[in-house]
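Report on the structure
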Amino acid sequence: MRALPASLLAVCGLIATACGSTGSGGAAAGQAAQADATTLAPAPTQARTKPQARAKPQAAARPLEGKTIVIDPGHNGGNYRDPKAVNRKVNVLTKWKPCDTTGTETNSHYTEAAFTWDVSNRMVKILKARGATVKLTRADNSSVGPCITERAAIGNKAKADAAISVHGDGAAAANHGFHVIMPKKINGPVDPVVADSRKLGLAVRDAYKKETGLPYSTYIGSNALDFRDDLGGLNLSTVPKIFIECGNMRNAGEAAKFQNSAFRQRIAVALADGLQHYLKA
Ligand SMILES: [Zn+2]
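Numbers given for residues are sequential positions, taken from 1 along each chain in its written order. A pLDDT threshold of at least 70 governs which residues receive local features in this predicted model, and a stricter bar of 80 or more applies before side-chain atom pairs are shown or counted, although totals over entire chains, interfaces and linings include all residues. As a convention, hydrogens and water are excluded, and side-chain values are obtained from all of the structure's heavy atoms.

Some points on the pairing of strand β7 (residues 225-228)
Rules: A pair of strands is treated as paired once DSSP finds two or more bridges between them. The way it works is that DSSP assigns letters per residue, a run of H or I at least four long becomes a helix, a run of E at least two long becomes a strand, and they are numbered from the N terminus. A crossover gets the label right-handed when its path from the first strand over the helix to the second runs clockwise, viewed with the strands pointing away from the viewer.
The pairing of strand β6 (residues 179-183) with β7 spans four bridges and is parallel. Its bridge partner being in β7, P183 is matched across the sheet by R228. Following the chain from β6 across helix α9 (residues 194-212) to the adjacent parallel β7, one finds a crossover that is right-handed.

Okay, structure coming up:
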């Protein structure tokens, strides 16, 4: 979440663009899942011995049918190019804040924006295959914004059953671990969904710990749970919403994991499972 000087981030533009090329897979996710299903169908000989394997109940295959999920990939790969637009102050009810920030990066310049974009698109594929309607708050990892106010509005407009903003933190190198951020009551629009957001946060915290093996944050919150009233993405949400700081991108061990695509897939599955546990509870 922490901002970096534009001069540092200018170096990362190419990387961020390259990472962004894994995006836009959302629309193709259903087709990909179908293709996989076709490929994985039992061979004729297997079909004779195990006919029941072919007929799975629809509900089990698409447990999130009818659910709408909004995923907010934190920051944007192009933010460093337009400081004026990004630094424009917006009202998040408890204070005025910049429209967005550039986000952090690992010491080898893998940007938070590229990380969140990649993980979010993996989540889209997983959740669509499970039957959910899924919407992202940005369309690529090369442009600017949207503002945090708009990111919240997208979840509200979609009447999302759950929304999640994906981030990686930029803390001191010795710090490590992940944490979930949930809203507080502010005498504002988020108040009616504070309780459900907490449930969502607990479900995601538990799935993330179990499936990624990453520890609770050593430097923020209690048991990886943090509550804040200064985030526009939460204050302005009228649907259950949380942030996750997946780990500390400035910690060498976690940076190495985040730069590994297999580990990012593990993160995406864990987050999808957490959302599903909340939505099916
Ligand atoms: Zn962030």
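Right, picking up where we left off after that structure.
Observations regarding the coordination of the zinc ion
The criterion, for reference: Coordination here is defined by N, O and S atoms within 2.8 Å of the metal (3.2 Å for Na, K and Ca), and since water is not considered, a site can look incomplete. Buried residues are those whose accessible area, probed at 1.4 Å on protein chains only, stays under 20% of the maximum for their type, while exposed residues exceed 50% and partly exposed ones sit between those limits.
Here the zinc ion is held by H75 (NE2), E112 (OE) and H167 (ND1), and the distances to it run 2.0 to 2.1 Å. In primary sequence terms, the donor set of the zinc ion follows H-x36-E-x54-H. Placement of the pair is E112 in helix α7 (residues 112-129) and H167 in strand β5 (residues 162-169), with a sequence separation of 55 residues. By relative accessible area, H167 is classed as buried at 6%.

Thoughts on the pairing of strand β1 (residues 68-73)
Most of β1 is tucked away, with six of its six residues classed as buried. Burial along β1 is two-sided: T68, V70 and D72 and I69, I71 and P73, pointing in opposite directions, are all buried. Pairing between β1 and strand β4 (residues 133-136): four bridges, direction parallel. When the bridges of β4 are listed, T68 appears paired with T133. Across five bridges, β1 lies against β5 in parallel orientation. In the sheet register, V70 faces β5, and the bridge partner there is A163.

Overview of the environment of K128
Within the secondary structure, K128 is located in helix α7. Residues K128 and R62, 66 residues apart in the sequence, show an inter-C-alpha distance of 8.6 Å.

Quick look at the side chain of S237
Our working rule: Any pair of N or O atoms that falls within 3.5 Å is considered a polar contact. Within protein, one atom must be able to donate a hydrogen and the other to accept it, and sequence-neighbouring residues count only if both atoms are side-chain atoms.
For S237, the position within the fold is in the loop between α10 (232-235) and β8 (241-248). What makes S237 buried here is its relative accessible area of 1%. One polar contact links the side chain of S237 to the main-chain carbonyl oxygen of V239, over a distance of 2.7 Å.

Concerning the sheet that holds β7
Formally: Comment: axis = line fitted to C-alpha atoms, over the contacting stretch for helices; angle = value between 0 and 180 degrees taken between N-to-C directions. We call two residues in contact when some of their heavy atoms are within 4.5 Å.
Taken in spatial order, the six strands line up as β4-β1-β5-β8-β6-β7 in an open sheet, and their pairing is mixed. In this open sheet, the two strands that pair with only one neighbour each are β4 and β7. Pairs of neighbouring strands in the sheet enclose a mean axial angle of 25°, with direction left out of account. Across the sheet, α9 is in contact with β5, β6, β7 and β8; its angle to β8 comes to roughly 30°.

Quick look at the packing of α9 against helix α12 (residues 261-280)
This is how the line gets drawn: What makes a crossing left-handed is the near helix being turned counterclockwise from the far one by less than a right angle; a clockwise turn instead makes it right-handed. Here the nonpolar group is Ala, Val, Leu, Ile, Met, Phe, Trp, Tyr, Cys and Pro; Asp, Glu, Lys and Arg are the charged ones; every other residue, Gly included, is treated as polar.
In contact at an axis separation of 8 Å, α9 and α12 are set at 145° when each is read in the N-to-C sense. When the axes of α9 and α12 are compared, the crossing they make is right-handed. Across from D196, K199, L200, A203, V204, A207, Y208, E211 and T212 in α9, the residues of α12 making contact are F263, R266, I267, V269, A270, L271, D273, G274, L275, H277 and Y278. For the contact of α9 with α12, a count of residues per class yields twelve nonpolar, three polar and five charged.

Structural notes on the packing of α7 against α12
The following threshold applies: Any angle from 65 to 115 degrees is called roughly perpendicular, while one under 35 is roughly parallel, one over 145 is roughly antiparallel, and all others are oblique.
It is at 8 Å that the axes of α7 and α12 come closest, and there the two elements cross at 55°. Taken together, α7 and α12 sit at an angle that is classed as oblique. The element α7 and its partner α12 pack so that their crossing is right-handed. Contact residues: α7 offers F115, D118, V119, R122, M123, I126 and L127, while α12 offers S261, R264, Q265, I267, A268, V269, L271, A272 and L275. Class assignment for the residues of the contact of α7 with α12 results in eleven nonpolar, two polar and three charged.

A closer look at the side chain of D230
Structurally, the position occupied by D230 is in the loop between β7 and α10. In terms of polar contacts, D230 uses its side chain to reach the side chain of R228, at 2.9 Å. Leave out the neighbours within four places in its chain, and D230 touches V92, T94, K95, K97 and N235.

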